[in-house]
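Structural features, examined
In case you want the letters, here they are:
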Amino acid sequence: RLDNQVHCYTGLSALLAHSANIEEDTGVSMLVCFDHEEIGSNSAQGAGSPVMSEAIERVLGTFDPCQELLRRTIRNSFLVSADVAHAIHPNYPEKHEKQHQPGLNKGTVIKTNQNQRYATNAETGFLIRELARRADAPIQEFVVRNDCPCGSTIGPIISSKVGIRTVDLGIPSLSMHSIRETMGCDDVVTNIKLFTTFFQQFGALDKNCDF
């Protein structure tokens, strides 16, 4: 059950921390917790549904119903797809690339896959790494071995349906999907720091970047 309730907790904690002082915040911060991620997301309330795009459209409609503004808003927005990552298992270290072996209590994992099983790209990965640097939150990198199958997340589903920039990341978990799922407490704390900094500083950082 740590997968993926932990990110419901860290995301909500960060959003609440950010909401304590939003006097100068000119953006709209959202947290969306989807159902049915583990069985494909194709449901009325899953990530494959219109929930995300409709939520953005309805929120923006309270300011301006212009469709062109909606399109520009989506392109200027950013999605953090947060789902736990596979930590290296001490009994099966050969299942990980030597330079991509996430460990417990060593930080949030950025997940990359060139077959688009994860939605991270050069731009979105950079933005999160810079926010992590500002938050003093450790980051780890994960790329699956070429000869191993790769799982996926809601990141590619939403980014392809909505057209929003996306990064896939997550707290490392040992024995994911088992009755003995294990995580590091330090990773929960630093993930909240990262997400809080994301809510507070992403807008300014994005404006300063000319990709």
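Check the entry above for the structure.
Below is a short write-up of the structure. (Residues numbered from 1 in each chain as written. Predicted model: local features only at pLDDT ≥ 70, side-chain atom pairs only at ≥ 80, totals over all residues. Heavy atoms only, no water.)

1. What about the nonpolar core?
Rules: Side-chain atoms within 4.5 Å link the members of a nonpolar core, which is a set of buried Ala, Val, Leu, Ile, Met, Phe, Trp, Tyr and Cys residues. Using a 1.4 Å probe on the protein chains alone, a residue whose accessible area is under 20% of its type maximum counts as buried, one over 50% counts as exposed, and one in between counts as partly exposed. A run of H or I in DSSP counts as a helix once it spans at least four residues, and a run of E counts as a strand once it spans at least two, with each numbered from the N terminus. When checking whether two residues touch, look at their non-hydrogen atoms; a contact exists if any pair is within 4.5 Å.
Within the largest apolar cluster, 20 residues are counted, with the highest numbers of intra-cluster contacts made by Phe78, Val80, Ile128, Leu169 and Phe198. Breaking this core down by element, the ones donating at least two residues are helix 1 (2-19), strand 1 (78-82), helix 4 (122-135), strand 5 (165-170) and helix 6 (185-208). It is helix 6 that contributes the most residues to this core, six residues altogether. When near neighbours in sequence (up to four residues on either side) are disregarded, Ile128 contacts Phe78, Val80, Ile110, Val167, Leu169, Leu194 and Phe198. Membership of the second largest hydrophobic core comes to twelve residues, among which are Phe34, Met52, Ile74 and Ile154.

2. With respect to the sheet that holds strand 4 (residues 139-143)
Just so we agree on the cut-off: What makes two strands pair is DSSP finding at least two bridges between them. Note on geometry: axes are C-alpha line fits, over the in-contact stretch for helices, and angles between N-to-C directions span 0 to 180 degrees.
As summarised here, the arrangement of the four strands in space is 1-5-3-4, forming an open sheet in which the pairing is mixed. Here the strands that pair on one side only, and so sit at the sheet edges, are strand 1 and strand 4. Pairs of neighbouring strands in the sheet enclose a mean axial angle of 35 degrees, with direction left out of account. Across three bridges, the pairing between strand 3 (residues 108-112) and strand 5 is antiparallel.

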